[in-house]
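The lines below spell out each chain.
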Amino acid sequence: MTDELFREDASLHECSARVVAIDELGVRLDRTVFYPQGGGQAGDAGVLRLADGGELAVIDTRKGALPGEIVHVLAPAVDISALVPGSAVTARIDADRRKAHMRFHTATHLLCALVPHPVDGCSITERYARLDFHMNEPLDKQALTDGMARLVAGAHAVQHRWIGEAELDANPQLVRSMSVMPPRGQGRIRVLEIEGVDLQPCGGTHVANTAEVGNVIVTKVEKKSAMTRRVILGFAEPAAG
Ligand SMILES: [Zn+2]
């Protein structure tokens with residue numbers, strides 16, 4: 001099991017760690033700040049800095065075959081000869097990419113608060129996010145953008161906490177997503193609360209206050225099928241750099 005530092009503190013950009021294993025899939029560490037792709041959110045990229053100052057580029061982060069395993073995926077043909085189990089590294093994420101994921105991810109929760117229908121798909125990337133709602137009523141792009149802007153301006157606190165499975169079972173309305181059921185069998189479930197706005201199980205990374213979501217707009221509303229309305233989010237400001 002990798003110690004998942006990002007679950008308790010999404011603002012961490014780096015940590016020291018030790019290499020547990022290396023194989024053709026990538027590098028496993030004893031602890032990490034890298035979020036593995038899951039719950040619709042893309043995996044982190046970044047670097048592993050070695051004791052000699054060298055750096056290995058991490059192009060993606062995925063869950064491994066075993067529960068709790070996190071694989072830091074290296075660029076193809078990277079020389080990993082300096083890495084052995086036990087090697088000390090500094091794991092550092094691409095902070096700009098992560099910040100985009102956190103802003104979009106938090107924005108998808110705001111959308112959930114505005115659209116009272118189950119979610120049946122979600123994808124959060126650096127450049128856009130999309131959320132599929134199980135519904136057949138039309139959605140108004142501008143009304144959703146305005147609604148999100150109001151919740152961003154409201155500067156609501158965003159916090160996670162852990163609840164027991166019994167508490168979740170007693171509150172089935174907590175489960176908003178049809179496609180991503182909260183993980184079971186660990187005895188506790190992480191829930192994400194946006195004060196006065198939204199509460200649902202979620203393992204992803206979020207900003208600490210809705211004000212940090214900033215200028216996110218609805219760029220498109222699509223009818224994907226008779227019972228699916230897809231909402232696509234983008235940043236209103238030009239991409240930095
Ligand atoms: Zn979330």
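Residues numbered from 1 in each chain as written. Predicted model: local features only at pLDDT ≥ 70, side-chain atom pairs only at ≥ 80, totals over all residues. Heavy atoms only, no water.

Participant: How would you explain the coordination of the zinc ion if you had to name every residue and give the values?
Facilitator: The protein atoms that coordinate the zinc ion are H105 (NE2), H109 (NE2), C202 (SG) and H206 (NE2), at distances of 2.0 to 2.1 Å. Considering all 4 donor atoms around the zinc ion, the spread of angles at the metal, 99 to 124°, places the coordination shape in the tetrahedral class. Taken in sequence order, the residues that donate to the zinc ion follow the motif H-x3-H-x92-C-x3-H. With H105 and H109 both in helix α2 (residues 95-114) and 4 residues apart, this pair spans about one turn of that helix. With relative accessibility at 3%, the residue H105 sits in the buried group. Judged by relative accessible area, which is 3%, H109 ranks as buried. (Donors = N, O, S within 2.8 Å, 3.2 Å for Na, K, Ca; no water. Tetrahedral: all angles 85-135°; square planar, octahedral: opposite > 155°, others 65-115°. Helix = DSSP H or I, 4+ residues; strand = E, 2+ residues; numbered from the N terminus. Buried < 20%, exposed > 50% of the residue type's maximum accessible area, 1.4 Å probe, protein only.)

Participant: So what's going on with the side chain of T2? Which residues, and what values?
Facilitator: Tracing the backbone shows T2 in the segment before β1 (3-4). Classification of T2 by relative accessible area gives buried; the value is 8%. Setting aside its immediate chain neighbours within four residues, T2 contacts L29, D30, R31, T32, G68 and I70. (Contact = heavy atoms within 4.5 Å.)

Participant: Please provide a residue-by-residue account of α2, values included.
Facilitator: Taking 1.5 Å per residue, 20 residues should reach 28 Å; α2 reaches 29 Å between its end C-alpha atoms and fits that length. Burial analysis of α2 places 15 of its 20 residues in the buried class, which makes it a mostly covered element. Capping of α2 at its N-terminal end is provided by D94; its side-chain oxygen lies 3.2 Å from the backbone amide nitrogen of D96. (Expected span 1.5 Å × (residues − 1). Polar contact = N/O pair within 3.5 Å; in protein donor to acceptor, adjacent residues only side chain to side chain.)

Participant: If you had to explain helix α3 (residues 141-153) to someone new, which residues and values would you point to?
Facilitator: For an α-helix the count is 3.6 residues per turn, leaving residues at separations of three or four pointing the same way. With 13 residues, α3 ought to run about 18 Å at 1.5 Å a step, and its terminal C-alpha atoms sit 18 Å apart, in line with that. Within the sequence span of α3, burial applies to L144, T145, G147, M148, L151 and V152. Axial view of α3: buried residues confined to an arc of 160°, hence all on one face. Opposite the buried face of α3, at more than 90 degrees from it, the exposed residues are R150 and A153. If you follow the buried residues of α3, they end up packed against α2, β14 (216-225) and β15 (228-235). By the N-cap criterion, in which a side-chain oxygen at the helix start approaches the backbone nitrogen of a residue two or three places on, α3 is capped by D140, the distance to Q142 being 3.3 Å. (Arc of directions from axis to C-beta.)

Participant: Mind laying out the pairing of β15, listing which residues take part and the relevant values?
Facilitator: Along any regular strand, the residues point their side chains to alternate faces of the sheet. In terms of burial, β15 is a largely internal element, 7 of the 8 residues being buried. Bridging between strand β10 (residues 129-134) and β15 involves 6 bridges; their strand directions are antiparallel. Bridge pairing links A129 to L233 in β15. As paired strands, β14 and β15 are joined by 8 bridges and run antiparallel to one another. The residue of β15 that forms the bridge with V221 is V231. Between β14 and β15, which pair antiparallel in sequence order, lie 2 residues. (Pairing = 2+ DSSP bridges.)

Participant: Break down the pairing of strand β9 (residues 119-124) for me, with residues and values.
Facilitator: Relative to β10, β9 is paired through 5 bridges, and the arrangement is antiparallel. Bridged to V119 within β10 is F133. Where β9 folds back onto β10 in an antiparallel hairpin, the turn is made up of 4 residues.

Participant: Describe the packing of aromatic side chains, listing the residues and the values that go with them.
Facilitator: Under the defined criterion, the tally for this structure stands at 2 aromatic pairs. Relative to Y35, the ring of F6 lies with its centre 5.5 Å away and its plane at 80°, an arrangement referred to as edge-to-face. With F6 in helix α1 (residues 5-8) and Y35 in the loop between β4 (31-32) and β5 (46-50), this residue pair connects regions lying 29 residues apart in the sequence. Taken as a pair, F6 and Y35 share a single burial class, namely buried. Judged by centre distance (4.0 Å) and plane angle (15°), the rings of F104 and F235 are stacked. With a gap of 131 residues between them, F104 in helix α2 and F235 in strand β15 connect regions that are remote in the sequence. Residue F104 is classed as buried on the basis of its relative accessible area of 0%. Against the face of W162 rests R188, its NZ or CZ located 3.6 Å from the ring centre. (Phe/Tyr/Trp six-rings, centres within 6.5 Å; stacked < 30°, edge-to-face > 60°. Lys NZ or Arg CZ within 6 Å of the ring centre and 35° of its normal.)

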